[in-house]
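Now for the letters of each chain:
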Amino acid sequence: MIFITAKFRVRPEHADRWPEITADFTEATRREPGCLWFDWSRSVTDPTEYVLVEAFRDDEAGAAHVQSAHFRAAQQTLPPHLIETPRIVNATIPQDDWSLLGEMAVPEQG
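Please read all numbers here as calculations on a predicted model, not as lab measurements.

Visitor: How would you sum up the pairing of strand β2 (residues 35-42)? Please name residues and give values.
Guide: The sheet contact formed by β2 and strand β3 (residues 49-56) spans seven bridges and is antiparallel. From the neighbouring strand, C35 faces β3, where its bridge partner is F56. The hairpin formed by β2 and β3 contains six residues between the paired strands.

Visitor: Help me get a handle on the packing of aromatic side chains, residues and values and all.
Guide: Using the criterion set out here, one finds ten aromatic pairs in the structure. Taking 5.0 Å as the distance between ring centres and 65 degrees as the angle between the ring planes, the aromatic pair formed by F8 and W40 counts as edge-to-face. Remark: W40 occurs in strand β2 and F8 occurs in strand β1 (residues 2-9); sequence separation between them is 32 residues. In this structure F8 comes out as buried when scored by relative accessible area, which is 12%. Seen in terms of ring centroids, W37 and W98 are 5.0 Å apart; in terms of plane orientation they differ by 20 degrees. Their pairing is stacked. You can see W37 sitting in strand β2 and its partner W98 sitting in the segment after β4 (87-92), a full 61 residues away along the chain. Judged by its relative accessible area of 10%, W37 falls in the buried class.

Visitor: Can you break down the UniProt feature "domain: ABM" (unreviewed entry) in the chain residue by residue, with the values?
Guide: Per the UniProt record, the feature "domain: ABM" (unreviewed entry) sits at residues 2-90. What you have in residues 2-90 is 37% helix and 31% strand, and the ends, taken at the C-alpha atoms, are 7 Å apart.

Visitor: Talk me through the sheet that holds β2; I want residue IDs and the actual numbers.
Guide: Strand pairing in a sheet is mediated by backbone hydrogen bonds. Such pairs are either parallel or antiparallel. Pairing is antiparallel across the open sheet formed by four strands, whose spatial order is β2-β3-β1-β4. This sheet does not close on itself; its edge strands, each paired only once, are β2 and β4. Mean inter-strand twist for the sheet, computed between neighbouring axes without regard to direction, equals 10 degrees. Judged from the six bridges that link them, β1 and β4 form a sheet pairing that is antiparallel. Looking at β4, one finds that I2 is bridged to T92. Across the face of the sheet, helix α3 (residues 23-30) comes into contact with β2 and β3 while running at roughly 155 degrees to β2. In the packing of helix α4 (residues 59-66) onto the sheet, the strands contacted are β1, β2, β3 and β4, and the crossing angle to β3 comes to about 130 degrees.

What counts and how
- Residues numbered from 1 in each chain as written.
- Predicted model: local features only at pLDDT ≥ 70, side-chain atom pairs only at ≥ 80, totals over all residues.
- Heavy atoms only, no water.
- Pairing = 2+ DSSP bridges.
- Helix = DSSP H or I, 4+ residues; strand = E, 2+ residues; numbered from the N terminus.
- Phe/Tyr/Trp six-rings, centres within 6.5 Å; stacked < 30°, edge-to-face > 60°.
- Buried < 20%, exposed > 50% of the residue type's maximum accessible area, 1.4 Å probe, protein only.
- UniProt positions renumbered as here; feature names shortened; annotations may be inferred.
- Axes fitted to C-alpha atoms, helices over the stretch in contact; angles between N-to-C directions.
- Contact = heavy atoms within 4.5 Å.

The following block contains the structure:
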C-alpha cells in the first residue's frame, strides 16, 4: 500500500473550520475504490496544525487519487486557508492494513 502522512498548517482564522473546509474533499477521497483510509487529526500542541493519515491500495490507486477531479479542486480551494505548503511523508509498504503494536498489547477482554 501507499502510506502517506501530511501536516497542514492552517491559518488561525480558518483552523476551527478546517474539517468543514475539507469535508467535500475528504468524503470524495474516502469513496475512491482504492482508498484504504483518509483520516484527519488536530494537533494537541498546535491548534493550527492538522495531520492527515491516508493510505491507498497501490500505485494505481494513488495515481487515480491525484488525477481525480476532487483532488484538482482541492489544489485550488485548500491552499488559501494554509500558512505554508504542507509537509509529507510518503512510503510504499508491503501490507494492506494497520499492524498491531505488540509492545502495548491489550489482553483480550470478556
